Amino acid sequence: MVTRTLNRGLNILEKLATTDELGLGASAIAEEVGLDKATVTRLLRTLIEAGYVRQDSVTRRYRMTGKIVRLAQGAATSLDLQRIARPHLKALRDRLGETAHLGVMEDQTVYYVDKIEADNSIQLVSAVGQAMPLYSTALGKAIIAALPEDEREAKYTGMDFVPRTDRTIRTVAEFREEIQRTQVRGYAIDDCENEPLGTCVAAAIFGPDGRPVGAISASGPHFRLQQHLDQFGRQVMATAAQVAWELGADTLKVAAPAFDGPNAVDPGPDHGGLIR
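Novice: What should I look at first to understand the overall build of the chain in this one?
Specialist: Counting secondary structure elements, the chain contains 10 helices and eight strands. Residue burial in the chain is summarised as follows: out of 276 residues, 47% are buried. The long-range fraction of contacts in the chain, counting pairs at least 24 apart against all pairs at least 6 apart in sequence, stands at 57%. Here the chain has roughly 13,900 Å² of accessible surface; of this, 52% comes from carbon and sulfur atoms.

Written as structure tokens, this is what we have:
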């Protein structure tokens, strides 16, 4: 029943998407989608409550709102992000010899949308589509650190801090301090906090509007990365800046690592942190 109702609602949205700016009345929609007017009216009421449809108070016709456009733009950005980031992930993997990930935030998790594996015999286990907590991953920390303060605070209140290892951060106060350190460095560190023997460094990717659209990371066994965290951090910062530049972001405004167009590789030892 739920599947049938969802399908009917989507059919209505598809029909409204092809109409002109005047919209359609309930009877016309019912005729187009092959349903009775009462059912269509009930579904339209649900779509209005969800913010996808509005009804003109004068003509009583229905039109789609901009919400569906925002969803489409978000999906397009994710596709562009993956396409643009992939060659940079490969280059990062080749430079560092460790696995590179691309992650995006969804609610209280970060999920992997791309991964370029290293050739090492010992590496961490991960998969595209896998979701991990924001608070225990370098990808999650990097994105959180790049959010406006009010949005960061809202994220903090929704975190449960269930420990994944004995080094996982477990309180809001500790996590807030970690985010402050991330902002100063410009990159985030997961030091055996998500996997007992794994270490990861990540930097946020900014979109044209100056907001984070994801993050890039390099990860591997703790024993291989522990002495190279700053080197890896500077490399992921430079890679994230390259991707942001190709997405159309003004990298000079959103981040402080030295960046000089698409051929930048390493911002050098005197890098800065995020400007917030």
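Now that the structure is up, let's keep going.
Novice: How do you make sense of the nonpolar core when you look at a structure like this?
Specialist: Nonpolar side chains tend toward joint burial in soluble globular proteins. By size, the foremost hydrophobic cluster in this structure holds 31 residues, and its most contacted members are Leu102, Ile205 and Val243. Every element with two or more residues in this core is listed here: helix H4 (67-96), strand S3 (99-106), strand S4 (109-116), strand S7 (198-206), strand S8 (212-221) and helix H9 (229-247). No other element matches the eight residues that H9 contributes to this core. In this structure isoleucine 205 touches Leu81, Leu102, Arg211, Pro212, Val213, Gly214, Ala215, Ile216, Ala240, Val243, Ala244 and Leu247, once residues within four positions along its chain are discounted. Judged by nonpolar contacts, the second largest core, of 22 residues, contains Val110, Met132, Met159 and Phe175.

Novice: Explanation requested: the sheet that holds strand S6 (residues 188-191) in the structure shown.
Specialist: Pairing in this open sheet of six strands is antiparallel, and the strands run S5-S4-S3-S8-S7-S6 from one edge to the other. A single partner strand is all that each edge strand has here, and the edge strands are strand S5 (131-133) and S6. Across the sheet, the mean angle separating the axes of adjacent strands is 30° when strand polarity is ignored. Sheet topology note: the S3/S4 ladder contains seven bridges and is antiparallel. By the bridge assignment for S4, glycine 103 is matched with tyrosine 112.

Novice: Got a minute to help me understand the pattern of salt bridges in this structure?
Specialist: A side chain of one charge can pair with a side chain of the opposite charge when the charged atoms of the two come close. For the coordinates displayed, the defined rule picks out 16 salt bridges. As a salt-bridge pair, aspartate 80 and arginine 83 come within 3.5 Å of each other at their nearest N and O atoms. Of the two residues, aspartate 80 and arginine 83 are both situated in helix H4; the distance of three residues between them amounts to about one turn of the helix. Given a relative accessible area of 55%, arginine 83 falls into the exposed group. Here glutamate 195 ties to arginine 164 by a salt bridge, and the two come within 3.4 Å at their closest N and O atoms. With glutamate 195 in the loop between S6 and S7 and arginine 164 in the loop between helix H6 (149-157) and helix H7 (172-185), this residue pair connects regions lying 31 residues apart in the sequence. Overall, glutamate 195 belongs to the partly exposed group, its relative accessible area being 27%. A residue is classified by how much of its surface remains accessible, and arginine 164, at 35% relative accessible area, is partly exposed. One salt-bridge network, held together by shared partners, links Lys141, Glu178, Arg181, Arg185 and Glu193.

Novice: When you look at the environment of alanine 203 in this model, what are you seeing that I'm missing?
Specialist: Positionally, alanine 203 belongs in strand S7. Judged by its relative accessible area of 2%, alanine 203 falls in the buried class. Between the C-alpha atoms of alanine 203 and isoleucine 216, which are 13 residues apart in sequence, the distance is 5.6 Å. Not counting chain neighbours up to four residues away, the residues in contact with alanine 203 comprise Ala142, Gly186, Ala215, Ile216, Val236, Met237 and Ala240.

Novice: Looking at this structure, how should I read helix H2 (residues 26-33)?
Specialist: Residues of H2 that are buried: Ala26, Ile29 and Ala30. One face of H2 carries all of its buried residues, which in axial projection span an arc of 100°. Residue glycine 34 follows H2 closely and has a positive phi angle near 75°.

Novice: What is the right way to look at the pairing of S6 in this model?
Specialist: Walk down a regular strand and you will see the side chains alternate between the two sheet faces. Of the two faces of S6, the one carrying Ala188 and Asp190 and the one carrying Ile189 and Asp191 are both buried. Relative to S7, S6 runs antiparallel, the two being bridged by four bridges. Bridged to aspartate 190 within S7 is cysteine 200. In sequence, S6 turns back onto S7 through a hairpin of six residues, with cysteine 192 there showing a positive phi of about 65°.

Definitions and cut-offs
- One numbering rule holds for all chains: residues counted from 1, following each sequence as written.
- Two thresholds apply to this predicted model, a pLDDT of at least 70 for residue-level local features and 80 or more for giving and counting side-chain atom pairs, whereas whole-chain, interface and lining totals are computed over all residues.
- Only hydrogens and water are set aside; all other atoms, that is, all heavy atoms of the structure, feed into the side-chain values.
- Secondary structure follows DSSP: runs of H or I at least 4 residues long count as helices, runs of E at least 2 residues long count as strands, and numbering of each begins at the N terminus.
- Burial here depends on accessible area, computed with a 1.4 Å probe over protein chains only, as a share of the maximum for the residue type. Under 20% is buried, over 50% is exposed, and the range in between is partly exposed.
- In what follows, a contact means two residues having at least one pair of non-hydrogen atoms within 4.5 Å.
- To measure how exposed things are, a 1.4 Å probe is used in the Shrake-Rupley method; for residues, cover is taken only from the protein chains shown.
- Residues belong to a common nonpolar core when they are buried Ala, Val, Leu, Ile, Met, Phe, Trp, Tyr or Cys residues joined through side-chain atoms within 4.5 Å.
- The pairing criterion is simple: DSSP has to find at least two bridges between the two strands.
- Here the axes come from fitting lines to C-alpha atoms, over the contacting stretch only for helices, and the angles between their N-to-C directions go from 0 to 180 degrees.
- We define a salt bridge as a contact between a side-chain nitrogen of Lys or Arg and a carboxyl oxygen of Asp or Glu at a distance within 4 Å.
- By arc we mean the arc of the directions from the helix axis to the C-beta atoms, nothing more.

Note that all results are geometric; they support no functional claim without further evidence.
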